[in-house]
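# Close look at the chain arrangement
Here is how the chains run, residue by residue.
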Amino acid sequence: MATKGMRDTAAMPPFKFKPDVTARRALVVVVVNTVIALIITAVNGDALAVNLVYSQCIGLGIWMMIDGGRHVLHPSGWPGAWRMALLVVFAVLTSYVGGSVVANLLLGRPLLASLSNVPRATLGFVLMSLAAGGFGAYYFTSRAMLANARLAQEEAQRQASEARLKLLESQLEPHMLFNTLANLRVLIGTDPVRATAMLDRLNDFLRATLTASRTEASAGRHTLADEFARLRDYLELMAVRMGPRLRYTLDLPEQLARQPVPPLLLQPLVENCIRHGLEPSLLGGEIRVGARHEGNDLVLEVSDTGVGCEPTPTPGFGLSQVRERLETAYPGHARMDWHGQPGGGTRALLTLPWTTSP
Amino acid sequence: MKATALIAEDEPLLAQALQAELARAWPGLQIVASVGDGDAAVAQALRLQPDVLFLDIRMPGQTGLQAAAELADEWPEGAPFPALVFVTAYDAYAVEAFEAQAVDYVLKPVQPERLARTVQRVQQLLAQRQPTVDAFDDATLARLRALLVAGNAPSPATPPRLKVIPASVGQGIRMVPIGEVLVFEAADKYVRVLTEGSEVLIRTPLKELLPQLEPADFWQVHRGTVVRASAIVSVHRDEAGKLSLRLRGRPENWPVSRLYAGQFKAM
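Below or above, wherever it landed, is the structure these notes cover.

Calculation notes
- Residues numbered from 1 in each chain as written.
- Chains lettered and ligands numbered in written order.
- Predicted model: local features only at pLDDT ≥ 70, side-chain atom pairs only at ≥ 80, totals over all residues.
- Heavy atoms only, no water.
- Pairing = 2+ DSSP bridges.
- Helix = DSSP H or I, 4+ residues; strand = E, 2+ residues; numbered from the N terminus.
- Axes fitted to C-alpha atoms, helices over the stretch in contact; angles between N-to-C directions.
- Buried < 20%, exposed > 50% of the residue type's maximum accessible area, 1.4 Å probe, protein only.
- Arc of directions from axis to C-beta.
- Contact = heavy atoms within 4.5 Å.
- Polar contact = N/O pair within 3.5 Å; in protein donor to acceptor, adjacent residues only side chain to side chain.
- Left-handed = near helix turned anticlockwise from the far one by under 90°.
- Nonpolar A, V, L, I, M, F, W, Y, C, P; charged D, E, K, R; others polar.
- Core = buried A, V, L, I, M, F, W, Y, C linked by side-chain atoms within 4.5 Å.
- Expected span 1.5 Å × (residues − 1).

### What about the sheet that holds strand E8 (residues 181-187) of chain B?
Residues and elements named next belong to chain B.
- Pairing is antiparallel in the open sheet, where five strands are placed in the order E10-E9-E8-E12-E11. Whereas interior strands pair on both sides, the edge strands pair on one side only; in this sheet they are strand E10 (198-202) and strand E11 (218-222). For this sheet, the mean angle separating the axes of adjacent strands, direction not counted, is 20°.
- The pairing of E8 with strand E9 (residues 190-195) spans six bridges and is antiparallel. Residue pairing in the sheet places Val181 in a bridge with Thr195 of E9.

### Details of helix H2 (residues 38-48) of chain B
Residue and element names in this part refer to chain B.
- The complete set of buried residues in H2 reads Gly38, Ala41, Val42 and Ala45. The buried residues of H2 occupy an angular sector of 100° when the element is viewed end-on, so they sit on one face.
- Where H2 is buried, its residues meet strand E1 (3-8), strand E2 (29-35), strand E3 (52-56) and helix H3 (64-74).
- Of the residues that open H2, the one with a side-chain oxygen 3.2 Å from the backbone nitrogen of Asp39 is Asp37.
- Gln49, located one to two residues past H2, shows a positive phi value of around 40°.

### Remarks on unusual backbone geometry
- Residues B:Lys108 and B:Pro109 are joined by a peptide bond in cis, for which omega reads -5°.
- Within the secondary structure, B:Pro109 sits in the loop between strand E5 (104-107) and helix H5 (112-128).
- At A:Leu264, a position not held by glycine, the phi torsion is positive, near 55°.
- Within the secondary structure, A:Leu264 sits in the loop between strand E1 (246-251) and helix H9 (267-278).
- The exposure class of A:Leu264 is buried, given its relative accessible area of 2%.

### Some thoughts on the packing of helix H1 (residues 12-25) of chain B against H5(B)
Residues and elements named next belong to chain B.
- Two elements in contact, H1 and H5, have axes whose closest approach is 10 Å; the angle formed by their N-to-C orientations is 65°. In this structure, the crossing between H1 and H5 has a hand that is right-handed. Packed against H1, whose contacting residues are Leu18, Glu21, Leu22 and Ala25, the element H5 presents Pro112, Leu115 and Val119 at the interface.
- Class assignment for the residues of the contact of H1 with H5 results in six nonpolar, no polar and one charged.

### Remarks on the environment of B:Gln30
Residue and element names in this part refer to chain B.
- Position of Gln30 relative to the elements: it lies in strand E2.
- For Gln30, a relative accessible area of 48% gives the class partly exposed.
- Put simply, Gln30 and Val52 are 22 residues apart on the chain and 10.0 Å apart in space, counted from C-alpha to C-alpha.
- Contacts of Gln30, omitting those with residues within four sequence positions, involve Ala3, Thr4 and Ala5.

### Re the nonpolar core
- Counting 50 residues, the largest nonpolar core has A:Leu266, A:Leu269, A:Ile287, A:Val289, A:Leu300, A:Leu350 and A:Leu352 as its most contacted members.
- When residues of this core are assigned to their parent elements, the largest contribution, nine residues, is made by helix H8 (residues 224-242) of chain A.
- Every residue in contact with A:Leu300, bar those within four places of it in the chain, is listed here: A:Leu224, A:Val261, A:Leu266, A:Gly290, A:Ala291, A:Ala348, A:Leu349, A:Leu350 and A:Leu352.
- By size, the runner-up hydrophobic cluster in this structure holds 34 residues, among which are B:Val42, B:Met59, B:Phe86 and B:Leu148.

### Re H8(A)
- The end-to-end C-alpha separation of H8(A) is 26 Å, in line with the 27 Å expected for 19 residues at 1.5 Å each.
- After H8(A) finishes, the residue A:Gly243 shows a positive phi value of roughly 60°.

Structure, rendered in structure tokens:
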């Protein structure tokens, strides 16, 4: 199970050759080889220099074959547990023979000198090399896997925060915020009671926006009643600014009040109605938000009587964002139909699965 | 200093507030009209000819920038053009352009100190103004043109150049090669695409079309008219000083607005 998880996460970032990492590994291998040579010298009493040449030639060969081979077998460097084990055995056997030949060459001995030693001694050395190779492979690979897993996790986190920031930006539109503050500034001097009420609305609206952007986990706890309350905050703020040009109705039947919805799902749609429908119109218009229960569906409707727009609105309209959130919350079980017509207002219909006994 | 002003702001409370702040910052200023949309701003400004215009950027109908451009076109010859002060809550592109063009603007919420500085600058401008001199120096017009470009195109990347224009004709689509187009003319909700001897209508607004045209090939000569530069045969100035041009292959006379007349000075 652990290896499977490791492989999945490790597969994400592609392998890159890093000279500093490779140099550090080579150093570790050289140190291990030296330790092995010291042990052999202590046990057998041969010359240390000779043992060093053998152990470095064999050890470095094993390392190069394993570390290079795993990237040949799999781009991420983790070819799977079985192939890795086979690779280790293969690398140890070939490098033992190859390394010995190279060492003999260096020492000026007959090429196959050390291999024709007493079979028991050769087997012992091979086993020792196998153990060292296996341990080294495990050590280096697991460290690389961990680093890759950390990279993948950081990448996922970065994407999540980018998505949150986008949601926040779309909902905290600076133009709306500064205009609201400008109105508030006027009201403080002329109508403190209304200013206080407006400030409270702004408070609730900001809190809801920040909460919604922080986590989608609050989905399930955010009810339609909450959603409509936040829409009312927003519309009341806009009503102070637009005066009689903005008229609205929010129609939420009592039996639907406790249905859960993703927080501020409808807000971008209402904002569209104002920004693209009512604000450009001299006379303004009316916004209607309603909800109903149809069979197994919860149907939400946002419509306006503003200037309308082309049947295919330009991207950046916030519609794709609403669709994405629906798809995240109810994969394959929710949809949005959107109609627009020049001069005929717009209408968005959202169909969500009905939640029984919420 | 005595002067008259017009305020164009669609939010009633903010219009009142600006008026109140101005009364404190500039007691001699008389607000002759306060309107809530761009079209009314143009109509009232032409009728009342105030000394200063306070124009909100985002308004129903025309934006403040478009209203200013239309006024530059329609303003009667000889009368001094008003000093412009744009008002905005948050339009990053517009503010950048104002800074670049040294055009006066105030940010909402309007703060007294900032407004006082603007008022001082406008007063200086009005004091230096000489009613006899031509109201439109090239610098003013160039500034307005630059603002319009900045205000129209908040697109970060340059869109690809148009090669063919697909236009629906009856049940089918006609592909008009860009090389044949002589004129793009805005007409209500459509844009007329004129070639030698034919005409099609497309729905893409002129301001979305403009960034997709090669600026060396197509020149804007009026708010609603873009012509092929190489097709211009002659430019004519009438008794009132208005420019118009004729194009090869088209019978019409195309008026050139004041804002874009600068490109037709003889070498």
